[in-house]
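# Structural features, examined
The primary structure of each chain is shown beneath.
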Amino acid sequence: MAAPSASIAVANATWEQIKSSRSVSDDHLSILHFLFGKNLERATRIVDQGGVRRVSGAPSGRSLFLVVGESKRKEEYICFPEHHCTCYSFFYDIVNRGEQLCCKHQIAARLAEAVGALTEVEVSDEQLALMLAKL
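Reading the values: rules and limits
Within each chain, residues carry numbers counting from 1 in the order of the written sequence. Given that the model is predicted, a residue must reach a pLDDT of at least 70 before its local features are reported, and side-chain atom pairs must reach 80 or more before they are shown or counted; all residues, however, enter totals for whole chains, interfaces and linings. Think of the side-chain values as coming from all heavy atoms in the structure, minus any hydrogens and water. Numbering of helices and strands runs from the N terminus, with a helix taken as a DSSP run of H or I at least four residues long and a strand as a DSSP run of E at least two residues long. Computation of the radius of gyration draws on C-alpha atoms, with the globule rule given as 2.2 Å multiplied by the number of residues to the power 0.38. Partly exposed residues are those whose accessible area sits between 20% and 50% of the maximum for their type, while under 20% is buried and over 50% is exposed, using a 1.4 Å probe and protein chains only. Here the accessible surface of atoms and residues is derived via Shrake-Rupley with a 1.4 Å probe, and residues count as covered only by protein chains that are part of the display. Note that His is not counted, nor are the chain ends; the positive residues are Lys and Arg, and the negative ones are Asp and Glu. Each charge is placed at NZ for Lys, CZ for Arg, CG for Asp and CD for Glu. UniProt positions are given in the numbering used here, feature names are shortened, and annotations may be inferred rather than shown by experiment. Under this scheme, a helix contributes an axis fitted over its contacting stretch, all axes are lines through C-alpha atoms, and angles between N-to-C directions fall in the 0 to 180 degree range. Oblique is the label for any angle not under 35 degrees, not over 145, and not in the 65 to 115 range, which are roughly parallel, roughly antiparallel and roughly perpendicular in turn. The contact criterion used throughout is that any non-hydrogen atoms of two residues lie within 4.5 Å. Nonpolar residues are Ala, Val, Leu, Ile, Met, Phe, Trp, Tyr, Cys and Pro. Charged residues are Asp, Glu, Lys and Arg, and all others, Gly as well, are polar. What makes two strands pair is DSSP finding at least two bridges between them. Side-chain atoms alone can form a polar contact between residues adjacent in sequence; in general such a contact is a pair of N or O atoms within 3.5 Å, and within protein one must be able to donate a hydrogen while the other accepts it. Nonpolar core, defined: a set of buried Ala, Val, Leu, Ile, Met, Phe, Trp, Tyr and Cys residues in which side-chain atoms within 4.5 Å join the residues together. Any carboxyl oxygen of Asp or Glu within 4 Å of a side-chain nitrogen of Lys or Arg constitutes a salt bridge here.

## Quick notes on the overall build of the protein
Assigned secondary structure in the protein consists of 6 helices and 5 strands. Counting from the amino terminus, helix and strand elements in the protein follow one another as α-α-α-β-β-β-β-α-α-β-α. Relative to the compact-globule value of 14 Å for 135 residues, the protein shows a C-alpha radius of gyration of 15 Å, a close match. In terms of its C-alpha atoms, the protein occupies a principal-axis envelope of roughly 40 × 35 × 30 Å. Taking all 135 residues of the protein together, the buried fraction comes to 39%. Entry remark: accessible area of the protein is about 7700 Å², with carbon and sulfur atoms responsible for 53%. Across the protein, the centroid of the 15 positively charged side chains sits 6 Å from that of the 16 negatively charged ones.

Laid out in C-alpha cells, this is it:
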C-alpha cells in the first residue's frame, strides 16, 4: 500500500469527485478498491441496505453518523468518517496495528454522504450530547 498520507490524499480527492457528481464511476471504484480492498465491498453492502444515518443537532448543526454493522445483531456504530469509529475493527486494525486506513463503517458513511444515500435525522443538541457521552 502507498504511504498513508498519500493514500488519504487520494481517497479524499476521490470522495470529493464523487460528491460533486453524486455518482461513482468505474475509475472511482478502482481507486477506492485499491485503497480499501474488502472494506469497500462491505461498505457498499451497508450503503445498499440503507445502513447509514446522519444525526444532526439543532440548532448547532453538528453531526455524527450512525452506521449499522453487518453482524446479525445489526449493532450501530457512532462514526466520524474522517477521524473515528466506535467499532472494534477501528481500534484493532487502524489504531493498534495500522493495517487499514479506515474501517468499513467510515467508508460507508463517506460513500453514503457523497452519493446522497443516507437518512437524515435531526435531534436537539442535548440529545446529540447524550449520544456522544456514551463514547
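## As for the UniProt feature "domain: SWIM-type" (unreviewed entry) in the protein
The UniProt record annotates "domain: SWIM-type" (unreviewed entry) at residues 65–114. In this annotation, residues 65–114 is assigned 40% helix and 22% strand; the end-to-end C-alpha distance for the span is 13 Å.

## A closer look at the packing of helix 2 (residues 26–36) against helix 3 (residues 38–48)
In a packed pair of helices, the relevant descriptors are the angle between the two axes and the axis-to-axis distance. It is the contact of helix 2 with helix 3, at a shortest axis distance of 6 Å, that shows an interaxial angle of 120°. Comparing the axis directions of helix 2 and helix 3 gives the class oblique. Seen from helix 2, the contacting residues are L29, L32, H33 and F36; seen from helix 3, they are K38, N39, L40 and E41. A class-by-class count of the residues in the contact of helix 2 with helix 3 yields 4 nonpolar, 2 polar and 2 charged.

## Quick word on the sheet that holds strand 4 (residues 84–85)
By way of backbone hydrogen bonds, the strands of a sheet pair with one another, either parallel or antiparallel. Taken in spatial order, the 5 strands make up an open sheet running 4-3-2-1-5, and their pairing is mixed. The open sheet has two free edges, formed respectively by strand 4 and strand 5 (119–124), since each of these has just one partner strand. For strand 2 (residues 63–68) and strand 3 (residues 76–80), the ladder comprises 4 bridges, and the chain directions are antiparallel. For L66, the partnering residue across the bridge sits in strand 3 and is I78. Along the sheet, helix 6 (residues 125–133) contacts strand 1 (52–58), strand 2, strand 3 and strand 5; its crossing angle with strand 5, the most-contacted strand, is approximately 105°.

## So, the side chain of N39
The residue N39 is located in helix 3 in this model. Overall, N39 belongs to the buried group, its relative accessible area being 7%. Within the structure, N39 has its side chain in polar contact with the backbone oxygen of C102 (distance 3.4 Å). Ignoring sequence-local partners within four residues, the contact set of N39 consists of Q100, C102, C103, K104 and I107.

## Some words on the nonpolar core
By size, the foremost hydrophobic cluster in this structure holds 29 residues, and its most contacted members are W15, F36, V52 and V67. A total of 6 residues in this core trace back to one element, the largest contributor, which is helix 5 (residues 104–115). In contact with V67, other than residues within four places in its own chain, are I46, G51, V52, E75, E76, Y77, C79, H105, A108 and A109.

## Let's talk about the pattern of salt bridges
Summed over all chains, the structure comprises 8 salt bridges. Notably, a salt bridge pairs R73 with E75, separated by 3.6 Å at the nearest N-O pair. Its relative accessible area of 65% is what places R73 among the exposed residues. A single network of salt bridges, built from pairs that share partners, joins K19, R54, E113 and E120.

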